[in-house]
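# Overview (structure and organization)
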Amino acid sequence: MKICIWTTSLQADTLAMAIALDRDPEVELLVVAASLAAYQHEPIARFCPLTCQLLDRSRDDHEKTVRAFDADVFFADNHIPKYLVGRKMVYFWHGLPLKIRPPRDIRSFRRLSTRLVGNISQPNPRFLAQCYNQMDLDYRIRRLKIAEQNCRIWGSPYSDLLLNPPYRRADLEDYYQLDLQGRKNILLSLTWNFGSKPFGVLGDDDAIYAGLLKTAAEHDANIIFSLHDKFRYQPELIEKIEACANRYPRSFIKYKNEHADNLADLVVSDVMICNFSSFIVFHYFMGKPSIHIKPVDTKKWFVGLPTMRKNSVQSVLRRNNDRLWLYPFEDSGGSLPGNQEELIADVERSLEDSSYCNDRAQRFIADKIYLPDGKTCQRIITDVKEWACE
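Structurally, Ile5 is set in strand E1 (residues 2–6). Beyond its immediate chain neighbours, meaning those up to four positions away, Ile5 contacts Thr14, Met17, Ala18, Leu21, Leu29, Leu30, Val31, Val32 and Phe75.

This is the structure:
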């Protein structure tokens with residue numbers, strides 16, 4: 001069977017599926033992704049090398065190569081191809097969504113999917129959508145207008161790698177150029193989705209950066225900035241993050257389009273701080289404390305959120321209600337500080353107590369991720385093989 005993975009970047013669920021499919025003797029695999037040159041220099045490429053053909057989407061001839069491959073099935077995430085990559089389509093998302101997708105994104109998804117494989121609002125033998133849990137399935141039926149027969153509750157393929165990472169902290173010291181074993185590691189993951197002030201309602205950003213650096217220094221800890229694609233951030237936020245890192249000698253900055261291996265970040269982390277990117281859900285599997293930054297004031301009726309339009313970041317005013325968030329902030333798998341003082345206190349406690357709020361994380365996984373037992377990829381492969389032959 002020929003399978004093509006068409007993905008925004010080789011990370012998370014599509015990465016786990018690529019590794020599993022590459023090892024399946026019954027599958028001939030082609031992976032099409034962005035930033036492959038950067039990926040091939042990452043630890044994950046060394047510890048889990050792929051033997052299949054890797055094709056960068058930036059190449060002018062990728063369509064000719066993909067069409068010649070003639071896949072039986074293609075997997076696509078949020079970046080859907082504009083031409084038919086295979087006879088049947090399996091739709092993934094790059095992490096358990098925490099925010100509701102904007103209507104504009106949904107319309108684009110439906111338009112492109114329909115053009116490739118036909119009507120997805122009716123039972124369609126050429127289309128399947130991955131779901132993380134029953135609520136996720138209900139959301140895809142209700143909001144994305146996908147027929148229930150086209151949905152599968154599979155859980156998270158990435159959980160296979162999270163539960164059994166291919167490397168340890170000691171293996172990654174040369175990559176980060178930091179003492180990872182003798183020091184604690186603070187993972188700071190700030191998404192671009194909430195503009196130039198990532199610390200939301202907690203207080204003044206400059207004061208919070210200074211407080212975090214002071215706390216890290218007092219605990220002799222490293223700080224790793226694990227960030228999204230650099231081009232998505234507003235310039236003033238990049239300037240502030242890089243200035244913060246330059247003031248602290250034991251720091252490392254990673255942008256996703258330059259350093260693709262975010263599994264390594266999760267493996268070395270002792271505590272993660274994040275402003276509600278879905279990336280933090282993966283950290284719950286590591287059994288380490290997760291601290292959530294409330295990104296907006298829920299008392300406000302409208303919030304301005306950045307979005308990518310015409311290859312640039314633009315601010316869009318959106319209603320701040322149940323149409324914006326899938327889960328209440330309080331339903332997270334970790335702590336939810338209400339101000340700067342509580343944030344610093346949570347960081348200090350996390351560095352001293354590795355089990356802090358782990359019960360919340362495990363409860364979130366049990367409620368929101370179907371059957372994370374290390375065998376998710378194999379169940380999906382078995383299911384897809386049977387479906388492809390129908």
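Alright, that's what it looks like, and here's the rest.
Quick look at the pattern of salt bridges now. Counting across every chain of the model gives 19 salt bridges. Residues Asp383 and Arg152 are paired through a salt bridge, measuring 3.7 Å at the closest nitrogen-oxygen approach. Of the two residues, Asp383 sits in helix H15 (residues 376–388) while Arg152 sits in strand E7 (residues 151–153), which places them 231 residues apart along the sequence. Taking relative accessible area as the criterion, Asp383 reaches 22% and is therefore assigned partly exposed. What you see here is one network of salt bridges that share partners, running through Asp24, Glu26 and Lys385.

Another aspect to go through is the side chain of Asp261. Here Asp261 is to be found in the loop between strand E10 (251–255) and helix H11 (262–268). No salt bridge is formed by the buried Asp261; its nearest oppositely charged neighbour, Lys254, is found at 5.6 Å. Within the local environment of Asp261, its side chain forms a polar contact with the backbone nitrogen of Ile44, the two atoms lying 2.9 Å apart. At 2.9 Å, the side chain of Asp261 forms a polar contact with the side chain of Tyr167. Leaving out residues up to four positions away in the same chain, Asp261 has contacts with Gln11, Glu42, Pro43, Ile44, Tyr167 and Lys254.

Conventions used here
Residues numbered from 1 in each chain as written. Predicted model: local features only at pLDDT ≥ 70, side-chain atom pairs only at ≥ 80, totals over all residues. Heavy atoms only, no water. Helix = DSSP H or I, 4+ residues; strand = E, 2+ residues; numbered from the N terminus. Contact = heavy atoms within 4.5 Å. Salt bridge = Lys/Arg side-chain N within 4 Å of Asp/Glu carboxyl O. Buried < 20%, exposed > 50% of the residue type's maximum accessible area, 1.4 Å probe, protein only. Lys, Arg positive; Asp, Glu negative; His and termini not counted. Polar contact = N/O pair within 3.5 Å; in protein donor to acceptor, adjacent residues only side chain to side chain.

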